[in-house]
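Structural features, examined
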Amino acid sequence: MTQERIIKIEAYYRDPGLVERIAANFRRFWLDIGWMHMEAEENGTCSIYMSIYDRSKLGNLDLSIITLSKMVDIDFVEELEGARYNKFEIEYNKSKKYEWGVVSE
Amino acid sequence: MKGSELLVKSMKREGVKDLFGIPGLYNMPLYDSFIEDVESGELRHILMRHEQAAAHAADGYARATGRPGVLTATAGPGVTNIVTGLITAYQDSSPVVAITGAVNRNAMGKLSFQESDTLGVSFPVTKYAVEVKTIEEIPVWVKNAFYIASTGRPGPVVVDVPRDVQMEDIENVNYPETTNLHYRSFQTVVDKDKVRQMALNLMKAEKPVLLVGTGVVWANATDEVLKLSEFLGCPVVSTLPGKSAIPADYPLYVGAMGYYGRAEASMVALESDLLLAIGARFSDRTFTSYDEMKDTKKIFMSINLDPTDFSKGIKPDVSMAGNARVLLQELLNDLSVMGRKKANYAWNRRINELKDYYSQYSHPPDDGYMRPWQILKALREALPRDAIMTTGVGQHQMWAETHWENLEPRSFFSSTGMGTMGFGLPSAMGAKVGRPDKVVVDYDGDGSFMMTGNNLATAVDEHIPVIAVVNDNRTLGLVRQVQDMFQNKRIVGVDYGNSPNIMKYAESFGADAFEAHNYSDIMEYVRTAIRENVPTVIRVPVDKEELALPTLPPGGKLSEVIVSDPRKNNKN
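With that settled, the discussion passes to the side chain of B:Thr88. Residues and elements named next belong to chain B. By secondary structure assignment, the location of Thr88 is in helix 5 (residues 77-91). One polar contact links Thr88 to Thr420, side chain to side chain, over a distance of 2.6 Å. If sequence neighbours within four positions are ignored, Thr88 has contacts with His56, Asp59, Arg63, Ser415, Met418, Thr420 and Phe423.

The next point concerns empty space enclosed by the protein. Following the criterion strictly, the structure yields three cavities of 30 Å³ or more and no others. Of all the elements in the fold, those that place two or more residues in the lining of the largest cavity are helix 10 (214-218) and strand 14 (412-413) of chain B. In terms of residue count, helix 10 of chain B provides more of the lining of the largest cavity than any other element does, three residues in total. Counted as a void, the second largest cavity has a volume near 60 Å³. Among the elements that take part in the lining of the second largest cavity, helix 1 (residues 17-28) of chain A stands out by supplying three residues, more than any other. Class assignment of the residues belonging to the lining of the second largest cavity gives a composition of five nonpolar, one polar and four charged.

This next bit is on the interface of chain B and chain A. Contact with chain B, which involves 22 residues of that partner, is made by 14 residues of chain A. Regarding the contact of chain B and chain A, the summed buried area is about 1600 Å², with carbon and sulfur atoms giving 57% of it. Among the residues chain B hides against chain A, the three largest losses belong to B:Phe123, B:Tyr128 and B:His182. Together they make up 40% of the total. Our enumeration of links across chain B and chain A arrives at three salt bridges. Viewed at the interface, chain A and chain B are joined by nine residue pairs in polar contact (both at pLDDT 80 or more). For the side of chain B that touches chain A, the secondary-structure elements that each account for two or more residues are helix 6 (118-122), strand 5 (128-131) and helix 7 (137-150) of chain B. A class-by-class count of the residues in the side of chain B that touches chain A yields ten nonpolar, four polar and eight charged.

This part covers the nonpolar core. Residues and elements named next belong to chain B. Leu379 and Ile522 are the most contacted members of the largest nonpolar core, which has 63 residues in total. The residues that make up this core include at least three from each of domain 2 (192-355) and domain 3 (370-545). Among residues more than four places away in sequence, those in contact with Leu379 are Met389, Trp404, Tyr443, Val469, Ile522 and Val526. Within the second largest apolar cluster, 46 residues are counted, among which are Ala64, Ala89, Ala428 and Ala513.

Cis geometry is found at the peptide bond from B:Ser499 to B:Pro500, where omega equals -5°. With respect to the element layout, B:Pro500 can be found in the loop between helix 21 (477-486) and helix 22 (502-508). Cis peptide bonds are those with omega within 30 degrees of zero, and the linkage from B:Leu549 to B:Pro550 qualifies with 0°. You can see B:Pro550 is positioned in the segment after strand 18 (536-541). We note that A:Trp30 has phi near 60°; this positive angle belongs to a residue other than glycine. With respect to the helices, strands and loops of the structure, A:Trp30 is situated in the loop between helix 1 and strand 2 (32-40). With a phi close to 50°, B:Asn220 is a non-glycine residue in the positive phi region. As for its placement among the helices and strands, B:Asn220 is situated in the loop between helix 10 and helix 11 (222-232).

Okay, the layout of surface pockets next. Residues and elements named next belong to chain B. When its volume is computed, the second largest pocket comes out at roughly 540 Å³. Forming the boundary of the second largest pocket are 29 residues, of which Tyr361, Pro364, Leu549, Val563 and Asp565 lie nearest the centre. If you list the elements that add at least two residues to the lining of the second largest pocket, you get helix 12 (263-271), helix 15 (345-362), helix 16 (372-382) and helix 17 (395-403). The leading source of residues in the lining of the second largest pocket is helix 15, at four residues.

What follows deals with the domain arrangement of chain B. Residues and elements named next belong to chain B. Taken domain by domain, chain B holds domain 1 (3-167), domain 2 (192-355) and domain 3 (370-545). One C-alpha centre belongs to domain 1, the other to domain 2, and the line joining them spans 37 Å. Counting across the domain 1 and domain 2 interface gives two salt bridges. Of the charged contacts in the structure, one is a salt bridge between Asp306 and Arg153, with a shortest N-O distance of 3.3 Å. Run the count over domain 1 and domain 2 and you get three residue pairs in polar contact (both at pLDDT 80 or more). The class makeup of the residues in the side of domain 1 that touches domain 2 is three nonpolar, five polar and three charged.

Residue and element names in this part refer to chain B. Applying the stated criterion to the full structure yields 45 salt bridges over all chains. For Lys312, the salt bridge goes to Asp309, with nearest N and O atoms at 3.0 Å. Looking at Asp309, the relative accessible area reads 5%, which means it is buried. A salt bridge links Asp472 to Arg474, with the shortest nitrogen-to-oxygen separation between them at 3.0 Å. The two residues Asp472 and Arg474 agree in class, both being buried.

A few words now on the packing of aromatic side chains. All names here are of chain B. In the structure shown here, the tally under the stated rule is 14 aromatic pairs over all chains. In textbook terms, an aromatic cluster arises when at least three aromatic residues are bridged by ring pairs, as seen for Phe282, Phe287 and Phe300. The ring of Tyr259 carries Arg285 above its face, with NZ or CZ at 4.9 Å from the centroid. Over the ring of Trp218 we find Arg410; its NZ or CZ atom is 4.4 Å from the centre of that ring.

This part covers helix 4 (residues 51-65) of chain B. All names here are of chain B. An ideal rise of 1.5 Å per residue puts 21 Å on 15 residues; helix 4 measures up with 21 Å between its terminal C-alpha atoms. Here helix 4 lies mainly inside the structure; 15 of its 15 residues are buried. Backbone geometry just after helix 4 places Gly66 at a positive phi near 85°.

What follows covers the pairing of strand 5 of chain B. Residue and element names in this part refer to chain B. A two-sided burial pattern is seen for strand 5, the buried positions comprising Tyr128 and Val130 on one face and Ala129 and Glu131 on the other. Where strand 5 and strand 6 (residues 157-162) come together, four bridges link them in parallel fashion. The residue bridging Tyr128 from the neighbouring strand is Val157, located in strand 6. What joins strand 5 to strand 6 is helix 7, and the crossover it makes is right-handed.

Once that is clear, we can look at the packing of helix 16 of chain B against helix 17 of chain B. All names here are of chain B. As a packed pair, helix 16 and helix 17 sit with axes 10 Å apart at the nearest point and diverge in direction by 65°. Helix 16 and helix 17 meet at a crossing whose hand is right-handed. Across the interface between the two elements, Pro372, Trp373 and Leu376 of helix 16 pack against Trp399, Ala400 and His403 of helix 17. Class assignment of the residues belonging to the contact of helix 16 with helix 17 gives a composition of five nonpolar, one polar and no charged.

Calculation rules
- Residues numbered from 1 in each chain as written.
- Chains lettered and ligands numbered in written order.
- Predicted model: local features only at pLDDT ≥ 70, side-chain atom pairs only at ≥ 80, totals over all residues.
- Heavy atoms only, no water.
- Helix = DSSP H or I, 4+ residues; strand = E, 2+ residues; numbered from the N terminus.
- Polar contact = N/O pair within 3.5 Å; in protein donor to acceptor, adjacent residues only side chain to side chain.
- Contact = heavy atoms within 4.5 Å.
- 1 Å grid on protein atoms, 1.4 Å probe; cavity = no way out; pocket = protein on both sides within 12 Å on 5 of 7 lines; lining within 4 Å.
- Points joined across faces, edges and corners; volume = space filled by probe spheres on them.
- Nonpolar A, V, L, I, M, F, W, Y, C, P; charged D, E, K, R; others polar.
- Buried area = accessible area lost by both parts, 1.4 Å probe.
- Salt bridge = Lys/Arg side-chain N within 4 Å of Asp/Glu carboxyl O.
- Core = buried A, V, L, I, M, F, W, Y, C linked by side-chain atoms within 4.5 Å.
- Buried < 20%, exposed > 50% of the residue type's maximum accessible area, 1.4 Å probe, protein only.
- Domains from an automatic or database assignment.
- Phe/Tyr/Trp six-rings, centres within 6.5 Å; stacked < 30°, edge-to-face > 60°.
- Lys NZ or Arg CZ within 6 Å of the ring centre and 35° of its normal.
- Expected span 1.5 Å × (residues − 1).
- Pairing = 2+ DSSP bridges.
- Right-handed = clockwise from strand over helix to strand, strands pointing away.
- Axes fitted to C-alpha atoms, helices over the stretch in contact; angles between N-to-C directions.
- Left-handed = near helix turned anticlockwise from the far one by under 90°.

Below, the structure written as structure tokens:
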């Protein structure tokens, strides 16, 4: 069975490079991201919830989390036990589609 | 005041006096703003011949001085060229600050001329990289960058400043007095229980050994390590970069252990019943097989700044996170109240047996060519005690690992984590700029030397009198020996032709050049180079069949060490 962890990251958001570095941290350990949800405040404080799982079975989950915890801009990482993900929903009226450089209403 | 002036002033507030770099369109405002500082001698700019070399020079400067080395590069190829130098510094925990110029803010993301997504390129190879978004942020991020680079586990930081931010004007400047970051330097936690547990384990152990790494260098903890070793009568081994922490003539130092380390050092580590790692991670280059180490059932203890290292490879039985110097002082205090440790004659005898046994293999006699161990012995005789040696990467680096006797802390630098060929010459230049009072030697191989050798031009132009001793065997010797020994002699893609003539190459830059035909020549030319005080290249021909020994088979265990040339005999 694939191992999964749900984590909460408290961080400082300066630009999307934060997400890039977090994703790269898990990529380097051959881990996958199941879902993620981020909320950034005007003052830069930011909470990120995400699921990471070890499809490669290299056993890097613990190491990846503790390594992430020492990255500049990360205040701390919490591993959430018994966490349940309620599917994120969004409502909208209309969309504009971008497909390989072509825009359509 | 322009942003570029503010950049210069901010750097000077951080104590920057030397800057390695190459100008281009996007860092030109910075250059324009430090002309007066360069003219007055307040700032020295060293114009390198490739940005990779600028990064290595800043790295060498940092390792030699203990202060961040600084470089500048322009956007695009300037930035991509420093990547190898940045990751080299990152792997070896060296504080480097790179100030890069970027395209104008409104040009970003549009495939503008020389646009390179500096952050995207830099994130994976640095401790941190930041884009300065407004002119007000310049002093803040320069201060932050130096703090991040030099605290915790040191490492490289990139500060990317768009050209238009450099060109903007500002009236009221607020220089920050402190940093304001979501970043913490690692804490030193003195846990008295753990100190006591370590002390008791050390007192009880019959065959203890200390494994010393780079953390000891950065914590300036050499004295404490030697006191602990003396108190316990305990041998010391090191990682390859940890060589720089321990004087080679310390009687209880056995040498650097690991893949190409001294066999006796690896055996002492294997046979010990307790190993205390100080400022050393259990890397795959030092412990080539974690299972082999675990099978020894020894007690592992670790003192390390970065607590995440306790989660890698081998989990220590007792660990303390923090500054090695502080924690060793606590340990020494605790030990001192326990009384002297009883001398363990059997362990000492065993260590001497191992030294004697392996010495018969490590000093082979001449067979027509000069031998690396004797080359390094000649260098040792000719160089002052506090000389700094850098190396390239290849066989010569491994020969230096086993045979170079550095006698002072911070006097041996090599690209050990990344294994970057071409590190030797520019890092030597950086070390010399930072420590002009020291004799600095780049001990190199021809393959590695040629990767950044064009920077000899800078050494001559800028009067940076380093001595490059180049072992010339016209081959990529370390790859060749693996092909020879472990790939059925299928030697391919490693042997060079006769070009260039290293002597003429060096002379074409205006450096002095000598060819050594024997060990006396090496000593004489080194002494001449020191006396003349000019950049000098000494070519030392070596046999391309020469091996870097000891070695292991690929993926091998330390106990599978090969100490003699298997092509000549079967004696391992």
